[in-house]
Amino acid sequence: MAGSGEARQSSIRLVAEFIAGVGPGGTFTKLDLFRAVPDVAQADRRMRQLREMGWRIDNYKINPNLRPNEYRVVELGVRIDLGEPAPKTVRKNITGPKRRRILERDGHTCQVCGIQAGAAFPDAPERRATLTVGHVIPVNRAGSNDDENLRAECQRCGDEARDVTTDPPTKEQVLAHLSHLGGLKEKRRLYGWMQAGRRTLDDTEKLFIDWARLSPADRLTVMAELADQVIRDLDRR
């Protein structure tokens, strides 16, 4: 058993060394990987493990500009290629059948932000959502692999969840917060999100997302124009 574990660590390190050599912004194909690391089988599984360690490796499902079997290195995570230890969270693997069951149960929709598998992110339309199965209570906080502790997550929400150091809120905390929510309009809107199982953006939120994608100089220009419009509206009253 120990030999098998050492072999897995060795193979994932070889894959990490190759991808780190390509570097952020670079692209490679699966054939390139096989040529560079000829003795490593199941390269897809090794890349998935690297993604769980914070490595961003896009494929054509995430970035439509890529060809099938082509990958783009976006960000390097835990540098196991340089000897950094792998986080404990990647040691609890979820089987393929369980992964498919959870995704089907959750309607192939991220249970954090509500985006559906394959949909473009509203603030980054060049990237498309791919789903994985994450933990409500993280593994490093004693979270289990039981179905009730698993949920579908897009790659962005999964990355953010790994940085959370607190447990999720309790039902009582959510209900207490709900009792202090604004008026009827806000409660109806929240109820609609709950019914749909996803959050829908209104025009103001969509406009803010578009504004946030502008350059810093353009953001200041638009913000100044908005301030002028607010002042003019107030003067008319």
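Rules used in this analysis
- Residues numbered from 1 in each chain as written.
- Predicted model: local features only at pLDDT ≥ 70, side-chain atom pairs only at ≥ 80, totals over all residues.
- Heavy atoms only, no water.
- Helix = DSSP H or I, 4+ residues; strand = E, 2+ residues; numbered from the N terminus.
- Buried < 20%, exposed > 50% of the residue type's maximum accessible area, 1.4 Å probe, protein only.
- Contact = heavy atoms within 4.5 Å.
- Phe/Tyr/Trp six-rings, centres within 6.5 Å; stacked < 30°, edge-to-face > 60°.
- Pairing = 2+ DSSP bridges.
- Axes fitted to C-alpha atoms, helices over the stretch in contact; angles between N-to-C directions.
- pLDDT = per-residue confidence, 0-100.
- Salt bridge = Lys/Arg side-chain N within 4 Å of Asp/Glu carboxyl O.
- Core = buried A, V, L, I, M, F, W, Y, C linked by side-chain atoms within 4.5 Å.

Enquirer: Quick question: what am I supposed to make of the overall build of the protein chain here?
Expert: Scanning the protein chain from N- to C-terminus turns up nine helices and seven strands. In the protein chain, which comprises 237 residues, the proportion classed as buried is 29%. Counting only contacts in the protein chain whose residues sit at least 6 apart along the sequence, the fraction spanning at least 24 positions is 56%.

Enquirer: Explain the packing of aromatic side chains to me, please; I cannot follow it from the model alone.
Expert: How two aromatic rings sit relative to each other is given by the distance of their centres and the angle of their planes. Enumeration according to the criterion identifies two aromatic pairs in this entry. Here Phe18 and Phe28 contribute two aromatic rings whose centre-to-centre distance is 5.3 Å and whose plane-to-plane angle is 85 degrees, an arrangement assigned as edge-to-face. Here Phe18 is found in helix H1 (residues 2-22), whereas its partner Phe28 is found in strand S1 (residues 27-29), with ten residues between them in sequence. Accessibility assignment for this pair places Phe18 and Phe28 in one class, buried. Between Phe28 and Tyr71, the aromatic rings sit 5.3 Å apart at their centres with planes inclined by 20 degrees, giving stacked as the arrangement. Separated by 43 residues along the polypeptide, Phe28 in strand S1 and Tyr71 in strand S3 (residues 70-75) bring together distant segments of the chain.

Enquirer: Help me understand unusual backbone geometry, please; the structure alone is not making it clear to me.
Expert: Most peptide bonds take the trans configuration, and most residues that are not glycine carry a negative phi. The phi dihedral of Asn69 falls on the positive side, at around 70 degrees, and the residue is not glycine. Inspection of the secondary structure puts Asn69 in the loop between strand S2 (56-58) and S3. Backbone geometry at His108 places phi at a positive 50 degrees, although glycine is not the residue there. Residue position: His108 is located in the loop between helix H4 (96-105) and strand S4 (120-121).

Enquirer: Which parts of the structure should I look at to understand the sheet that holds S1?
Expert: Think of a sheet as strands paired side by side through backbone hydrogen bonds, with each pair either parallel or antiparallel. Taken in spatial order, the three strands of this open sheet run S1-S3-S2, and their pairing is antiparallel. Edge positions in the sheet fall to S1 and S2, since each has one partner strand and no second. Pairwise comparison of adjacent strand axes, ignoring direction, gives a mean angle of 30 degrees for this sheet. Judged from the three bridges that link them, S1 and S3 form a sheet pairing that is antiparallel.

Enquirer: Which parts of the structure should I look at to understand the confidence of the model for the protein chain?
Expert: Close inspection of predicted coordinates is inappropriate for parts of the model with low pLDDT. Summing up the model confidence of the protein chain, the mean pLDDT is 80 and the portion of residues at 70 or higher is 84%. Predicted confidence in the protein chain is weakest over helix H5 (residues 155-162), with a mean pLDDT of 69, and strongest over S1, with 95. In the predicted structure, residues 1-5 sits below a pLDDT of 50 and forms zero contacts with residues beyond four places in sequence or in another chain.

Enquirer: What is the right way to read the pattern of salt bridges from this model?
Expert: Close approach of charged atoms allows side chains of opposite charge to pair. Applying the stated criterion to the full structure yields ten salt bridges. Between Arg105 and Asp106 there is a salt bridge, and its shortest N-O distance comes to 3.0 Å. You can call Arg105 partly exposed: its relative accessible area is 44%. Here the residues in one salt-bridge network are Lys98, Arg101 and Asp147, joined through shared partners.

Enquirer: Where do I start with the nonpolar core in this structure?
Expert: Within soluble globular proteins, side chains that are nonpolar tend to cluster in buried spots. In terms of nonpolar packing, the biggest core is built from 19 residues, with Ile19, Phe28, Leu33, Met47, Leu50, Trp55 and Ile57 touching the most fellow members. Put simply, the parts of the chain that give this core at least two residues each are H1, helix H3 (43-51) and S3. The dominant element in this core, judged by the number of residues it contributes, is H1, at six residues. Sequence-distant contacts of Trp55, defined by excluding residues within four places in its chain, comprise Ala16, Ile19, Ala20, Leu50, Glu75, Leu76, Gly77, Val78, Arg79 and Asp81. Core analysis: the second largest hydrophobic core is formed by 14 residues, Leu103, Cys110, Phe121 and Ala152 among them.

Enquirer: Even after reading the chapter, I still don't get the pairing of strand S6 (residues 131-135), so can you show me in this structure?
Expert: Regular strands show a simple pattern: their side chains alternate between the two faces of the sheet. Taking burial as the measure, the five residues of S6 include four buried ones, the bulk of the element. Taken together, the five bridges between S6 and strand S7 (residues 150-154) define a ladder with antiparallel strand orientation. Pairing of Leu131 across the sheet is with Cys154, part of S7.

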